[in-house]
Structure formats: structure tokens, C-alpha cells
Amino acid sequence: MLAQIVAAGGAFAGHAGGESGGMQIQLWQIINLVGAPLLAVLFAGPVISDLKAWLGSDRSGPG
């Protein structure tokens, strides 16, 4: 999977459109585009289980 990410990053790292300008994606942008969803997936399970536990708990407090 890491090789695919690096290959995709290499495809977008150069200039598109020649000398007239164009799109250029920096390495940090690729890391953010891949890293943010990856972190969301990694933390989704614990967050969902915490929400289930919280919603299933007895929320009646003193008073």
C-alpha cells in the first residue's frame, strides 16, 4: 500500500501543463490528502465504541 501511495505522489509531484503554469501538488499536500482520511479510519472504531458505551450508559446524575 505504501508503494501505491508513493507512486501516486510521484505522479502528481511534477508540473502539469508545461511552462504556461498548471497544477503542482507538493509532498506535504499529498501526505495531508492521504494522512487525514487514514487517521479518521484508524480512530473511527474507538470513537464509535465510546459513543455506543456513552449512549448505553445510565446518564441519570444526582438531582
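Residues numbered from 1 in each chain as written. Predicted model: local features only at pLDDT ≥ 70, side-chain atom pairs only at ≥ 80, totals over all residues. Heavy atoms only, no water.

A.B. asks: Can you lay out the overall build of the protein for me, pointing to particular residues and giving the numbers?
C.D. replies: Looking only at helices and strands, one finds 2 helices and 0 strands in the protein. For the protein, the residues scored as buried account for 5% of the 63 residues in total. Accessible surface for the protein amounts to roughly 5,400 Å². Of this, 70% is attributable to carbon and sulfur atoms. (Helix = DSSP H or I, 4+ residues; strand = E, 2+ residues; numbered from the N terminus. Buried < 20%, exposed > 50% of the residue type's maximum accessible area, 1.4 Å probe, protein only. Areas by Shrake-Rupley, 256 points an atom, 1.4 Å probe, with all protein chains shown as cover.)

A.B. asks: Can you break down a nonpolar patch on the surface residue by residue, with the values?
C.D. replies: A contiguous nonpolar surface patch, about 830 Å² in accessible area, is contributed by Leu38, Leu39, Leu42, Phe43, Val47, Leu51, Trp54 and Leu55. Looking at the element boundaries, Leu38 is found in helix H2 (residues 27-56). (Patch = residues over 30% accessible without salt bridge, like charges linked within 9 Å, V, L, I, M, F, W, Y side chains within 5 Å. Salt bridge = Lys/Arg side-chain N within 4 Å of Asp/Glu carboxyl O.)

A.B. asks: Just give me the short version of H2, but keep the residues and values in it.
C.D. replies: Each turn of an α-helix holds 3.6 residues, which means side chains three or four residues apart point in the same direction. Here H2 spans 43 Å end to end across 30 residues, near enough to the 44 Å set by a 1.5 Å rise per residue. The largest bend in H2 amounts to roughly 40 degrees and is located at Ala44, with the proline Pro46 lying one to four residues further along. (Expected span 1.5 Å × (residues − 1). Bend = angle between axes of the 7 residues up to and from the residue.)

A.B. asks: Before we move on, could you go through the environment of Gln29 and cite the residues and values that matter?
C.D. replies: Residue position: Gln29 is located in helix H2. Reaching out from Gln29, the side chain makes a polar contact with the backbone nitrogen of Gln26 at a distance of 2.7 Å. (Polar contact = N/O pair within 3.5 Å; in protein donor to acceptor, adjacent residues only side chain to side chain.)

A.B. asks: I'd like a description of the environment of Ser49, backed by residues and values.
C.D. replies: If you trace the backbone, Ser49 turns up in helix H2. Within the structure, the side chain of Ser49 is placed 2.9 Å from the backbone oxygen of Pro46, a separation counted as a polar contact.

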